[in-house]
Amino acid sequence: MTENTTADLAVRPATLDDRPAVERLWLMFRHDLSEHQGVLPAADGTFRSEWVTSAFTRPGWAPYLLTRDDRPAGLAFVRGLDGPVHVLNSFFVVRGARRRGIGLRAAREVLTRHPGRWEIAFQEDNPAAARFWPRVATDLAGDAWTREPRPVPGRPELPPDVWISLTVPAGPDADL
């Protein structure tokens, strides 16, 4: 698309008032991941959501809401903000907003708000993620990032996650 579709993108910390929208976005995110992880929803149609609770309640965590035209377009959960390495725990852009530069811009905005060491995990059998996250790392750190497969804790039946490690320099929007 040639138009600037990221001009009306907003990336902001999610508030408790945003939690219902974030919970619905979470269901979409987990549904998308179920294709790669072979996970079915619980009997009530939901997926595990302890990370939603953690993002809103635990120290060192931060939930972000991505909006476009004031409508929910995605989410990001960060953890480890109280430690030496920040982790992008979850990141999701709704299908109707993908392939327009929104994901790259949103990931850049979330990571640059918290400069320092970062780790981001994804599944290699998710082709979109396998293309996207190295692009984000290169955008933020040039060639100064690493990629490492690691076993999924407690899930020996799953293929290893791929972890990208990089350092995000401080920028003008740090810690907003």
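Attention in this report is confined to the structure presented alongside it. (Residues numbered from 1 in each chain as written. Predicted model: local features only at pLDDT ≥ 70, side-chain atom pairs only at ≥ 80, totals over all residues. Heavy atoms only, no water.)

Some details on helix α3 (residues 102–112)
For step 1, the next point in the chain: Counting buried residues along α3, nine of its eleven residues qualify, which places the element largely inside the surrounding structure.
For step 2, the next point in the chain: Every buried residue of α3 is accounted for by I102, G103, L104, A106, A107, E109, V110, L111 and T112. (Buried < 20%, exposed > 50% of the residue type's maximum accessible area, 1.4 Å probe, protein only. Helix = DSSP H or I, 4+ residues; strand = E, 2+ residues; numbered from the N terminus.)

So, unusual backbone geometry
For step 1, the next point in the chain: Although it is not a glycine, D69 sits at a positive phi angle of roughly 55°.
For step 2, the next point in the chain: Locating D69 in the fold gives a position in the loop between β2 (62–68) and β3 (71–79).
For step 3, the next point in the chain: Residue D70 is not a glycine yet carries a positive backbone phi of 60°.
For step 4, the next point in the chain: Along the chain, D70 turns up in the loop between β2 and β3.

Observations regarding the packing of aromatic side chains
For step 1, the next point in the chain: Counted under the stated rule, the structure contains three aromatic pairs.
For step 2, the next point in the chain: Taking 5.9 Å as the distance between ring centres and 20° as the angle between the ring planes, the aromatic pair formed by F91 and F132 counts as stacked. Of this pair, F91 sits in strand β4 (residues 85–93) while F132 sits in helix α4 (residues 127–141), placing them 41 residues apart in sequence.
For step 3, the next point in the chain: Their ring planes at 80° and their centres at 4.6 Å tell us that F132 and W133 sit as a pair that is edge-to-face.
For step 4, the next point in the chain: Connected via pairs of aromatic rings, a cluster forms that spans F91, F132 and W133. (Phe/Tyr/Trp six-rings, centres within 6.5 Å; stacked < 30°, edge-to-face > 60°.)

As for the sheet that holds β2
For step 1, the next point in the chain: One open sheet accounts for seven strands, arranged β1-β2-β3-β4-β5-β7-β6; its pairing is mixed. Strands with a single pairing partner mark the edges of an open sheet, and in this sheet they are β1 (9–13) and β6 (145–150). Across the sheet, the mean angle from the axis of one strand to that of its neighbour is 25°, orientation sign disregarded.
For step 2, the next point in the chain: Both β2 and β3 contribute to a ladder of seven bridges, which runs antiparallel. If you follow R68 over to β3, its bridge partner there is R71. (Pairing = 2+ DSSP bridges. Axes fitted to C-alpha atoms, helices over the stretch in contact; angles between N-to-C directions.)

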